[in-house]
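# Structural characterization, general
Chain by chain, the residues:
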Amino acid sequence: MITLASDFGSPYPAAMKGVLLHRTDAKLVDVAHDFPRQDVRASAFWLREVLPYFPPATHLVVVDPGVGTERNALVLRAGDHTLVGPDNGVLLPAARRLADDEADGLEAYAVDERDVDPVAPTTAEGSSERRPPKSNTFHGRDVFAPVAAAVHDADELSSLAYLAPSAVDIDLELPTPTLDGARAIGEVLVVDGFGNVITNVSGDFLAGCDLIAANGDVVPVGETFADVPIGDRLATVGSHGFVELDVNQGRGDEAFGLETGDRIALEPTERVGE
Amino acid sequence: MITLASDFGSPYPAAMKGVLLHRTDAKLVDVAHDFPRQDVRASAFWLREVLPYFPPATHLVVVDPGVGTERNALVLRAGDHTLVGPDNGVLLPAARRLADDEADGLEAYAVDERDVDPVAPTTAEGSSERRPPKSNTFHGRDVFAPVAAAVHDADELSSLAYLAPSAVDIDLELPTPTLDGARAIGEVLVVDGFGNVITNVSGDFLAGCDLIAANGDVVPVGETFADVPIGDRLATVGSHGFVELDVNQGRGDEAFGLETGDRIALEPTERVGE
Amino acid sequence: MITLASDFGSPYPAAMKGVLLHRTDAKLVDVAHDFPRQDVRASAFWLREVLPYFPPATHLVVVDPGVGTERNALVLRAGDHTLVGPDNGVLLPAARRLADDEADGLEAYAVDERDVDPVAPTTAEGSSERRPPKSNTFHGRDVFAPVAAAVHDADELSSLAYLAPSAVDIDLELPTPTLDGARAIGEVLVVDGFGNVITNVSGDFLAGCDLIAANGDVVPVGETFADVPIGDRLATVGSHGFVELDVNQGRGDEAFGLETGDRIALEPTERVGE
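Residues numbered from 1 in each chain as written. Chains lettered and ligands numbered in written order. Predicted model: local features only at pLDDT ≥ 70, side-chain atom pairs only at ≥ 80, totals over all residues. Heavy atoms only, no water.

## Considering a negative patch on the surface
Threshold: Here the term patch refers to residues with relative accessible area over 30% and no salt bridge, with like charges joined within 9 Å and nonpolar side chains (Val, Leu, Ile, Met, Phe, Trp, Tyr) within 5 Å. Only the protein chains shown count as cover for residues, with accessible areas throughout obtained via the Shrake-Rupley method and a probe of 1.4 Å. The salt bridge definition used is simple: a Lys or Arg side-chain nitrogen within 4 Å of an Asp or Glu carboxyl oxygen. Charge counting treats Lys and Arg as positive and Asp and Glu as negative, with His and both chain ends excluded. To locate a charge, take NZ of a lysine, CZ of an arginine, CG of an aspartate or CD of a glutamate. Put simply, DSSP marks the helices as runs of H or I at least four residues long and the strands as runs of E at least two long, and each gets a number from the N terminus on. Burial status follows relative accessibility: with a 1.4 Å probe on protein chains alone, a residue under 20% of its type maximum counts as buried, one over 50% as exposed, and anything between as partly exposed.
On the surface, a cluster of negative charge is made up of B:Asp80, B:Asp100, B:Asp101 and C:Glu125. Turning to its location among the elements, C:Glu125 is positioned in the loop between strand 6 (106–111) and helix 4 (139–153). A relative accessible area of 61% means that C:Glu125 is categorised as exposed.

## Topic: helix 1 (residues 12–23) of chain B
Residue and element names in this part refer to chain B. For the record, the criterion: Multiplying 1.5 Å by the residue count of a helix minus one yields the expected span of that helix.
Its twelve residues place the ends of helix 1 18 Å apart at the C-alpha level, agreeing with the 16 Å of an ideal helix rising 1.5 Å per residue. Judged by how many residues are buried, helix 1 sits mostly within the fold: ten of twelve residues are covered. Looking only at helix 1, the buried set comprises Tyr-12, Pro-13, Ala-14, Ala-15, Met-16, Lys-17, Gly-18, Val-19, Leu-20 and Leu-21.

## Some words on the sheet that holds strand 6 (residues 106–111) of chain B
Residue and element names in this part refer to chain B. Using the following cut-off: Pairs of strands are assigned from DSSP output, requiring at least two bridges between the strands. Helix axes use the C-alpha atoms of the stretch in contact, all axes being lines fitted to C-alpha atoms, and the angles between their N-to-C directions lie in the range 0 to 180 degrees.
Reading across from one edge, 2-1-3-5-4-6-7 is the order of the seven strands in this open sheet, with mixed pairing throughout. Either end of the sheet is taken by a strand with one partner, and the two such strands are strand 2 (28–32) and strand 7 (163–165). Averaged over neighbouring strand pairs, the angle between their axes works out to 25 degrees when direction is ignored. By the bridge criterion, three bridges tie strand 6 to strand 7 in an arrangement that is antiparallel. Looking across to strand 7, one finds that Ala-110 is bridged to Ala-164.

## Some words on the packing of aromatic side chains
Heads up, the condition is: Between the rings of Phe, Tyr and Trp (Trp by its six-membered ring), a pair exists once the centres lie within 6.5 Å; its type follows the angle of the planes, with under 30 degrees stacked, over 60 edge-to-face, and the other angles tilted.
Counted by the stated rule, this structure contains 21 aromatic pairs over all chains. With 6.2 Å between their ring centres and 65 degrees between their planes, A:Phe8 and C:Phe194 make a pair best called edge-to-face. Within this pair, whereas A:Phe8 is found in the loop between strand 1 (2–6) and helix 1 (12–23), its partner C:Phe194 is found in the loop between strand 9 (183–191) and strand 10 (197–202), the two belonging to separate chains. On the accessibility criterion, A:Phe8 (10% relative accessible area) is buried. Between the aromatic rings of A:Tyr12 and A:Phe138, the centroid separation amounts to 5.3 Å while the plane-to-plane angle is 75 degrees, which identifies the pairing as edge-to-face. A residue pair is termed long-range when its members are at least 10 positions apart, and A:Tyr12 in helix 1 and A:Phe138 in the loop between strand 6 (106–111) and helix 4 (139–153) qualify at 126 residues. Its relative accessible area of 4% is what places A:Phe138 among the buried residues. These aromatic residues form a ring-pair network of at least three members: A:Phe8, A:Tyr12, A:Phe138, C:Phe45, C:Trp46, C:Phe194 and C:Phe242.

## As for the relation of the copies chain B and chain A
Formally: A least-squares fit on C-alpha atoms brings the copies together, and the residues used are those whose pLDDT is at least 70 in both copies.
The two copies are related by a screw operation: chain B maps onto chain A through 120 degrees of rotation and 0.0 Å of translation along the axis, at an RMSD of 0.1 Å. One copy is carried onto the other by what is essentially a three-fold rotation axis. Distance from the rotation axis, computed per C-alpha, reaches its smallest value in chain B at B:Lys27: 5.6 Å.

## Brief notes about the side chain of A:His240
What counts is decided by this rule: Counted as a polar contact is a pair of N or O atoms within 3.5 Å, where, for protein atoms, one must be capable of donating a hydrogen and the other of accepting one, and residues adjacent in sequence contribute only when both atoms are in side chains.
Residue position: A:His240 is located in the loop between strand 13 (233–237) and strand 14 (242–247). Looking at A:His240, its side chain comes within polar contact range of the side chain of A:Glu244, at 2.8 Å.

Next comes the structure, spelled out in structure tokens:
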């Protein structure tokens, strides 16, 4: 099984699928192709959240603002999973979670793109068309997809000549909140399509808490959206285990005035202050 | 075969797919994940329209504004098809059509979510992460997908311990039009992505009719869009068998000033009145 | 393998998938369902770009502003590939590229839609529903999908009774640029989702050129986006082999003020003039 994730929109992912299907019979499963454009950190969050629900698979990820530069491509072995993508950190939060051991469970390989054999498109004989065998702007198709297919079908990663043990050079941690007395100072990681505001504060923070001040706005803590009337605000522990700021059947981002990257201070409170 | 339909957008459906692929080898087919947000009736319309074109399958549907409340989850056996989703009525119009007999062909089972075994995400040993085994806000992943996988692979539904015969408590009928003399008083069920205005008035109503007044606007009745010049309005029998108000290569909703839920009066007419 | 491409958005493609899965076990792969609405030429460009990366397959394409008119449906055999869709030219640029020989490699068959056997939707006994067996407005479901399934499973196209040798009546060439001295006068073929402005001028035109005037704006020629600072404009050879006008991690269409169909004059230049 090969999963695909990118910020490519449409129809570029189809070219990657064509390349994969040229090289392998693996089942293909889309994770998403509408990750926020060139937003490595938000993409890393979603991968970390979604990939651990898959059975062992090869995960092809292309969110690559630096396409065409000298960056390495990466192949990460993390537990029973393998991740393939650019060496910009986007793979790391998911890979650390998928690894058997968070601190020390990853095997990393660097790929020299010059050793990758791209799939040449079919072109009629007699055509005047000439295009370079490997583009500088679509490595998803010309580098990462061929590598993912090869990795998927290989018995051992080390049998692939173009893989060499490597350290992961670029790191990307999801930001961790700080505690200031009873307050947690965190950050909005992403806003999902429903408008739910997903913070980086662990859901544990809400334990035993009925009301919470979010940047000063006091809202109830609920177990689920329906614990408040339709249209009302609340804080919950989201399905990913982090504190979320929501509106029952509405948009939390608009009601709280928050967007990705915003600072968020959370403080348990007993009553609304004057 | 398991089909998936939801109002989740992206990337939440990928987590459901991961769960399904953990539990079953069934082929997965997306119906849609962009149903109008938390709009049970529009989703019910589209399911009723699309699912009958599928061969026998398990259909996983999650449009669930009441997620986390005490509502039951439902499994419906309808002819050779099985539908799994929330007990808010969204499954019923499709299920009634798929059943061998409209009035009496459904078997309904209630699911006690506490008996459902969710798929736990992979998490590295040594991780400090703790999340509840079952979220309160993402039953698509933690309740409905595990049930759909189990139902798909079960020889008999009754072999699944957590299914209990049930009455369907909540009903959801698509609204039926009324007749007022020669006029049909109906409703806009949905507007599709092309801007076609789909009403609940049966296409039979247009039989033998060349011109029709739609809320007073007289337009030709055509067999297909191209029966009128590009940019002109018309009424047709849509591919779902209902009266549609359209513009040839344009948007009917804008030209007629109509949206989902609007009242629509249709009256055959011979000529444009003064 | 059957690929699907359309301008249908959602959920209409699911009805086509249901029909295909009724008739064949072929693997289904989505190319795109968000082609620009009823834009035959832009769709033809994307198909020409993407389909040649697929292994031999049947390609079902429905971008069909003339649905329901007397137009023929087409089946094109192009090399190891087969294309099925409306006879409005949308298939031709891709088919010519997939054919063994550009000038003379296509076999074309016309399909009489009256000979096509659509898939009837499941409808409960006792239902009052009556719909025509074949709609006038959704040939993707009622004509093209059944033909694609039959073609995919047929040993020889000529064994299908409803196929008759046919000439392709309607042609659709992507526009070719003209040369005016050192200037290439071309056209914007499409703008992709990143905002990259894709012209019809061959990438060869940029060979040996460091700066280029695009409608008078002088910008550097780069091998990849990262050859200029983030936010700066450049011209590159895109992954499809044409000249593209881009912004590194930004939108070229906005920065150059260009959209699909606009005229674009490109002229190599040594320095920025006064």
